[in-house]
Amino acid sequence: MSTAEPCTACELLLGRGRVPGGLLRREGGFALHALADASPIPGWLVLTSERHARAWYDLAPAELAALGPLAARVMNAQRAVLGAEHVYAFAIGDALRHFHLHLVPRAASTPERLRGRRCFEGRPEDMLGEDALAAAARAVAAAL
């Protein structure tokens, strides 16, 4: 992670980056938005720290206290609105200088090859259109 390159998350949080549905919510030091990359899963959302903090261990106590309840509310909304059977939570920390928690809903119809961590391995033909991704993201946000 080079600090000489522009920060993708900072650009997104400042409104200069584009994600389907836009920034959906800001709360407790985090911003909720759809995955910035192409996605094979409708309603794949990300909680991104509003400041540079690479991993859980870099989050301030107040951010840590806010993160769990916020993530649970988002996951419950994904289950209610999208009919997800389960929601995966991934925090990897390799790509950005901002902590980000991927919240990936799994439906009964989700193919086995896209379940669990394999959701990151979607093929080009799996990727959904921006309109569908934005609609799912906004529907979840409206339920919060």
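The present account deals with the structure reproduced in this document. (Residues numbered from 1 in each chain as written. Predicted model: local features only at pLDDT ≥ 70, side-chain atom pairs only at ≥ 80, totals over all residues. Heavy atoms only, no water.)

**Topic: the side chain of Arg115**
Among the structural elements, Arg115 can be located in the loop between β5 (100-106) and α3 (130-142). Here Arg115 occupies a buried position and makes no salt bridge, while the nearest side chain of opposite charge, Glu112, is found at 4.1 Å. Residues in contact with Arg115, not counting those within four places in the same chain, are Tyr88, Arg106, Ala107, Ala108 and Thr110. (Helix = DSSP H or I, 4+ residues; strand = E, 2+ residues; numbered from the N terminus. Buried < 20%, exposed > 50% of the residue type's maximum accessible area, 1.4 Å probe, protein only. Lys, Arg positive; Asp, Glu negative; His and termini not counted. Salt bridge = Lys/Arg side-chain N within 4 Å of Asp/Glu carboxyl O. Contact = heavy atoms within 4.5 Å.)

**Here's the deal with α3**
Look at α3: 18 Å from first C-alpha to last across 13 residues, which is about the 18 Å you get at 1.5 Å a residue. Tucked into the core, α3 has its buried residues touching β1 (23-27), β2 (30-34), β3 (45-49) and α2 (61-82). (Expected span 1.5 Å × (residues − 1).)

**Some points on the side chain of Arg106**
As for its position among the elements, Arg106 is in strand β5. Overall, Arg106 belongs to the buried group, its relative accessible area being 17%. Looking at Arg106, its side chain comes within polar contact range of the side chain of Tyr88, at 3.5 Å. For Arg106, the residues in contact, after removing those within four places along its chain, are Ala84, Glu85, His86, Tyr88 and Arg115. (Polar contact = N/O pair within 3.5 Å; in protein donor to acceptor, adjacent residues only side chain to side chain.)

**Quick word on the packing of aromatic side chains**
A full pass over the atoms with the stated rule returns five aromatic pairs. Note on Trp44 and Phe120: the rings are 5.1 Å apart at their centroids and 90° apart in plane angle, and the pair reads as edge-to-face. With a gap of 76 residues between them, Trp44 in the loop between β2 and β3 and Phe120 in the loop between β5 and α3 connect regions that are remote in the sequence. With a centroid separation of 5.3 Å and an interplanar angle of 75°, the aromatic rings of Phe90 and Phe120 are classed as edge-to-face. One end of the pair, Phe90, is in strand β4 (residues 86-90); the other, Phe120, is in the loop between β5 and α3, and 30 residues separate them in sequence. For Phe120, a relative accessible area of 38% translates into the label partly exposed. What links up through ring pairs into an aromatic cluster is the set Trp44, Tyr88, Phe90 and Phe120. (Phe/Tyr/Trp six-rings, centres within 6.5 Å; stacked < 30°, edge-to-face > 60°.)

**A closer look at the sheet that holds β2**
Strand order in this open sheet of five strands is β1-β2-β3-β5-β4, and the pairing throughout is antiparallel. This sheet does not close on itself; its edge strands, each paired only once, are β1 and β4. The average undirected angle you get between the axes of adjacent strands in this sheet is 20°. Judged from the four bridges that link them, β1 and β2 form a sheet pairing that is antiparallel. (Pairing = 2+ DSSP bridges. Axes fitted to C-alpha atoms, helices over the stretch in contact; angles between N-to-C directions.)

**Structural notes on the layout of surface pockets**
Each pocket or cavity is described by its volume, and for the largest pocket that value is around 480 Å³. What lines the largest pocket is a set of 25 residues, and nearest its centre among them are Leu35, Asp37, Leu96, His100 and His102. Those elements that place two or more of their residues in the lining of the largest pocket are α1 (8-13), β3 and β5. Of the residues forming the lining of the largest pocket, the biggest block, three residues, is contributed by α1. Estimated volume of the second largest pocket: approximately 170 Å³. Around the second largest pocket, the lining comprises 14 residues; the ones closest to its centre are Ile41, Pro42, Ala107, Ser109 and Thr110. Among the residues forming the lining of the second largest pocket, the class breakdown is 10 nonpolar, two polar and two charged. (1 Å grid on protein atoms, 1.4 Å probe; cavity = no way out; pocket = protein on both sides within 12 Å on 5 of 7 lines; lining within 4 Å. Points joined across faces, edges and corners; volume = space filled by probe spheres on them. Nonpolar A, V, L, I, M, F, W, Y, C, P; charged D, E, K, R; others polar.)

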